[in-house]
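Residues per chain, in single letters:
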Amino acid sequence: MTRKSKGWVSWVLAGLVVGVALGYRPFAKSLEQDAEARRLLTDVKRAEFSKENLIQQVGVLESVHGKEELARRNGWRKPDESAIH
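Sequence positions are assigned chain by chain, starting from 1 and proceeding in written order. At least 70 in pLDDT is required for a residue's local features to be given in this predicted model, at least 80 for side-chain atom pairs to be given and counted, and no such filter applies to totals for whole chains, interfaces and linings, which use all residues. Excluded from the side-chain calculation are hydrogens and water; included are all heavy atoms of the structure.

Q: An account of a nonpolar patch on the surface is needed here, citing residue identities and associated values.
A: Taken together, Trp8, Val12, Leu13 and Leu16 make up a surface patch of nonpolar side chains, about 440 Å² in accessible area. Secondary structure is summarised from DSSP: a helix means a run of H or I of at least four residues, a strand means a run of E of at least two, and numbering begins at the N terminus for each. If you trace the backbone, Leu13 turns up in helix α1 (residues 3-62). To count toward a patch, a residue needs a relative accessible area over 30% and no salt bridge; like charges are then connected within 9 Å, while nonpolar side chains (Val, Leu, Ile, Met, Phe, Trp, Tyr) are connected within 5 Å. Here the accessible surface of atoms and residues is derived via Shrake-Rupley with a 1.4 Å probe, and residues count as covered only by protein chains that are part of the display. Whenever a carboxyl oxygen of Asp or Glu lies within 4 Å of a side-chain nitrogen of Lys or Arg, that contact is scored as a salt bridge.

Dropping the structure here:
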């Protein structure tokens, strides 16, 4: 190799090293942010599922049949009924 080509190759290699060194931190930060975003999306989906279940439970408990079932589950009975064991 000639002297000029050695100098050019060294500048290219130095540029690559600097580029990789300066680009690593933003790349690592991007990976962390992607993982955090996936975790947050999972949390949101879990919360939405929980909300849907709670809305369904409230609907059942606010209905006449739901109140009756809850009362009987807690051992309540109407005044004219006798307990069956």
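Text resumes after the structure shown.
Q: An account of the environment of Asn53 is needed here, citing residue identities and associated values.
A: In this structure, Asn53 sits in helix α1. As for Asn53 and Arg25, which are separated by 28 residues in sequence, their C-alpha atoms are 42 Å apart.

Q: Can you explain the pattern of salt bridges? Please cite residues and give values.
A: Scanning the entire structure with this criterion turns up five salt bridges. As a salt-bridge pair, Arg72 and Glu68 come within 2.7 Å of each other at their nearest N and O atoms. In this pair, Arg72 and Glu68 both sit in helix α2 (residues 64-73), four residues apart, roughly one turn of the helix. Under the relative-accessibility criterion, Arg72 is labelled partly exposed at 39%. A simple rule labels every residue: compare its accessible area, found with a 1.4 Å probe on the protein chains alone, to the largest value its type can have, and call it buried under 20%, exposed over 50%, or partly exposed in between. We classify Glu68 as partly exposed; its relative accessible area is 33%. Among the ionic pairs, Glu69 bridges to Arg73, the shortest N-O distance being 2.9 Å.

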